[in-house]
Structure formats: C-alpha cells, structure tokens
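Observations on chain architecture
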Amino acid sequence: MPELPENEAQRLTLERECLHRTIEAAELGENITHIDLPGDNELGRLKGRQFTETRRHGKNIFLGSKSGPWITVHLGMSGWLIPYDAPEPEPDHTKFRIVFEGDRRLAFRCPRKLGHVKIVDDPDAYISAQDLGPGALAMDRDVFTDFIGGSKAAIKSALMDQNRIAGIGNLWSDEILFQTGRDPASRGSDLDDQTLDTLFDTMRAALSKGVDVEADYSRLPDDWLIPNRKDGEPCPRTGCGGSLTHHKVGGRTAYYCPVHQS
DNA sequence: GTGATTGTTAGTAA
DNA sequence: ATTACTAACAATCA
C-alpha cells in the first residue's frame, strides 16, 4: 500500500529497527521468477557491513551508509518491508531478506512481484538516472504550479506523474483532489493561479498529515476521502450531501464526489 | 468466470 | 521532440 506517506513510514521503521547492526547475509527468497532482485555478486557486497542511514525519494526507499553500498527498495503495488526477530516465522511471500548478527532479520514481502530491490552506490545518481521529479513534499511551489498549470492531461494523472512529482499515487491523488474540490478528470491547464496555489497547499497538508500518522488511515480525519473511499458512501465533507462514486481516469480508478468536485 | 487492486513501463499516437 | 494514453506485467481477492 505504498505511496509517499506509506514509504516514509517504512523508512522510519528501517531507521528504528535496522541501523548499526552487522549484516551476516543478504539472501533471496522463494518463488522469485519475474521479480527484479540483486544477483549473487551484489548480495555478497553487503556481508559484514552496517547500515547507518536511510533516505527516501518519492516512493523509493534507500538503506545504506556513507561509503555504500546502498540497497534501494520499491514496494510496487503490494510490497512491504518487515523487520522481525528469529525465531519468529518469516512472512509469506518473502523475496529478499537480510540476516543481521543476532536474531534481527529484515524481510521484503512482495506477493504480487511488482516491486524491486537493487544495490546502488549512490542514491542521488540513481534518482537522477530514474528521471524522478522532486519529492512532493520537497518541491518548490513555482515548479509545482508551472507544471500543473501547463498540463493538459487529467489533473489526477499529472499529480501521479513520477517524472515530475515523486510520491503521489492513486489514493493520495484522490484525497488531494477531493479536498481541493476538483474533478480528477479536469485539466490542470484550466486552473487559475489561485486554485493552483490552493492545490499546492492542499497537497502539502494532506501528505504531511499522512506522514504524521505514519499512514495509519484510522488516524486520518473522518471528513477525509481515504477512510471513506467506497462507492455509495455519503460524501464525508461537512454539509456536502453528495455520494461518492468512481470512474476511470488515466487507466486508474478515481473515487470522488460529483457534488462538490468540479 | 469477471473484474478489480495504494505501481511502473514499453509501445503507440497525437 | 514532447506529451498523452493503453495495455501489460503477477498474484490475489471479491
């Protein structure tokens, strides 16, 4: 379930659970055809080292140290990083694991195999090679408003364009547009300057709150979309009175309220 | 069986 | 050249 807030929560978990422990081994799991994982040579480079820092850019998580190497993880659609202590059982669908000295383990669970793990020497070089845009919570207002204001694509698709804004996916784009009161299929180029500013502020506030609650949706406000994101639910916006519905925008399912989002 | 899923990307079209 | 849209990827679930 990984967009910017979820990935940031994962980074925090790694920060708390996986630093300053000597790596005994890095290993592949079972049933790993069709998933992008490091080869044996790469795995060997991790042995004997310690991770000392974490980073995140958009939906990409990095775990490493000044002198490298780093591992970078993308969770894909269903990936999750799970620290645990032996002899607790390893999670199902573990595709990659790190064995730390002592009992600590880190499992990369990825049942749908759309995530990946790579070994990289320099996170910054990796980020620029991937052509990722600036992180949604790190970017300047002008860069955001220039891009959205000049985009003829559906505004939902523009918000999710990782090459321009890194970190926003299907759920959080819906949330941002719900709070801004815009139809997900509308065009960014149709927005006036004031609305673009509001959209930027709303994006920052929504994602920041998601980060604050460590992506625990039960701790999001009741009048937000995500905790109510289901067909036929009453629109949670106070006094709106509409009903939530959905349709396809840019190949993804967009949930929205047809009454207050235009 | 049908259609859906919180993501990315190769290929195509404009 | 740039931008926008679609289908495909793999596994699971309703």
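In every chain, residue numbers begin from 1 and rise along the written sequence. A letter from A marks each chain and a number from 1 marks each ligand, given out in the order of writing. Only residues with pLDDT of 70 or above have their local features reported here, since the model is predicted, and side-chain atom pairs are shown and tallied only from 80 upward, although totals for entire chains, interfaces and linings are computed over all residues. Excluding hydrogens and water, the side-chain values take into account all heavy atoms of the structure.

Topic: the protein's contact with DNA strand C
Quick reminder of the rule: By convention in these notes, a residue is near a molecule or strand provided one of its non-hydrogen atoms lies within 4 Å of it. Polar contact criterion, stated in full: a pair of N or O atoms within 3.5 Å, where within protein one must be able to donate a hydrogen and the other to accept it, and residues adjacent in sequence count only if both atoms are side-chain atoms. For this scheme, ten residues count as nonpolar: Ala, Val, Leu, Ile, Met, Phe, Trp, Tyr, Cys and Pro. Four count as charged, namely Asp, Glu, Lys and Arg, and the remainder, Gly too, count as polar.
Taken together, His34, His93, Pro111, Arg112, Lys113, Leu114, Ser151, Lys152, Ala153 and Arg187 are the residues near DNA strand C. Taking the atoms of DNA strand C that fall within 4 Å of the protein, sugar and phosphate contribute 65% of them. Taking Lys152, its main chain carries an N or O atom lying 3.0 Å from a phosphate oxygen of DNA strand C. Taking Ala153, its main chain carries an N or O atom lying 3.1 Å from a phosphate oxygen of DNA strand C. Residue composition of the surface near DNA strand C, by class: three nonpolar, three polar and four charged.

A few points about the domain arrangement of chain A
Test applied: An automatic or database domain assignment supplies the start and end points of every domain. Between two residues, a contact is recorded if the distance between any of their heavy atoms is within 4.5 Å. Defined in terms of a 1.4 Å probe, buried area is the accessible area two parts forfeit on being brought together, summed over both. Put simply, DSSP H or I for four residues or longer makes a helix, DSSP E for two residues or longer makes a strand, and each gets a number counted from the N terminus.
Splitting chain A by domain gives domain 1 (4-129) and domain 2 (141-256). For domain 1 versus domain 2, the distance between C-alpha centres works out to 30 Å. With 11 residues of domain 1 at the interface, the matching set in domain 2 holds 13 residues. Each partner contributes to the roughly 910 Å² buried at the junction of domain 1 and domain 2, and carbon and sulfur atoms together form 64% of this total. It is Leu4, Pro5 and Lys59 in domain 1 that bury the most area against domain 2; as a group they hold 49% of the surface buried on that side. On the surface where domain 1 and domain 2 come into contact, there are five residue pairs in polar contact (both at pLDDT 80 or more). Looking at the side of domain 1 that touches domain 2, the element that brings in the most residues is helix H1 (residues 4-17), giving seven residues.

Points about the sheet that holds strand S3 (residues 60-64)
Here is the rule: At least two bridges found by DSSP between two strands is the condition for calling them paired. For helices, the fitted line uses only the C-alpha atoms of the stretch in contact; every axis is such a line through C-alpha atoms, and the angle between N-to-C directions lies from 0 to 180 degrees.
Read from one edge of the open sheet, four strands run S2-S3-S4-S8, paired in antiparallel fashion. With partners counted over all chains shown, the strands left at the sheet margins are strand S2 (53-57) and strand S8 (116-120), one partner each. On average, each strand axis in the sheet is tilted by 20° relative to the strand beside it, whichever way the strands run. Relative to strand S4 (residues 70-74), S3 is paired through four bridges, and the arrangement is antiparallel. Paired with Ile61 across the strands is Val73, a residue of S4. Helix-sheet contacts for H1 involve S2 and S3, and the interaxial angle to S2 is about 175°.

What to know about the pattern of salt bridges
The condition that has to hold: Whenever a carboxyl oxygen of Asp or Glu lies within 4 Å of a side-chain nitrogen of Lys or Arg, that contact is scored as a salt bridge. Categorising residues by exposure relies on relative accessible area from a 1.4 Å probe, with only protein chains included: less than 20% of the type maximum marks a residue as buried, more than 50% marks it as exposed, and the intermediate range marks it as partly exposed.
Applying the stated criterion to the full structure yields 17 salt bridges. Residues Arg45 and Asp121 are paired through a salt bridge, measuring 2.7 Å at the closest nitrogen-oxygen approach. Highlighted residues: Arg45 in the loop between helix H2 (40-44) and S2 and Asp121 in the loop between S8 and helix H3 (123-129), separated in sequence by 76 residues. A relative accessible area of 35% means that Arg45 is categorised as partly exposed. On the basis of relative accessibility, which here comes to 53%, the residue Asp121 falls in the exposed class. Where Arg229 meets Asp174, a salt bridge forms, and the shortest distance between an N and an O atom there is 3.0 Å. Of this pair, Arg229 sits in the loop between helix H7 (193-212) and strand S9 (245-249) while Asp174 sits in helix H6 (residues 170-180), and the two are 55 residues apart along the sequence.

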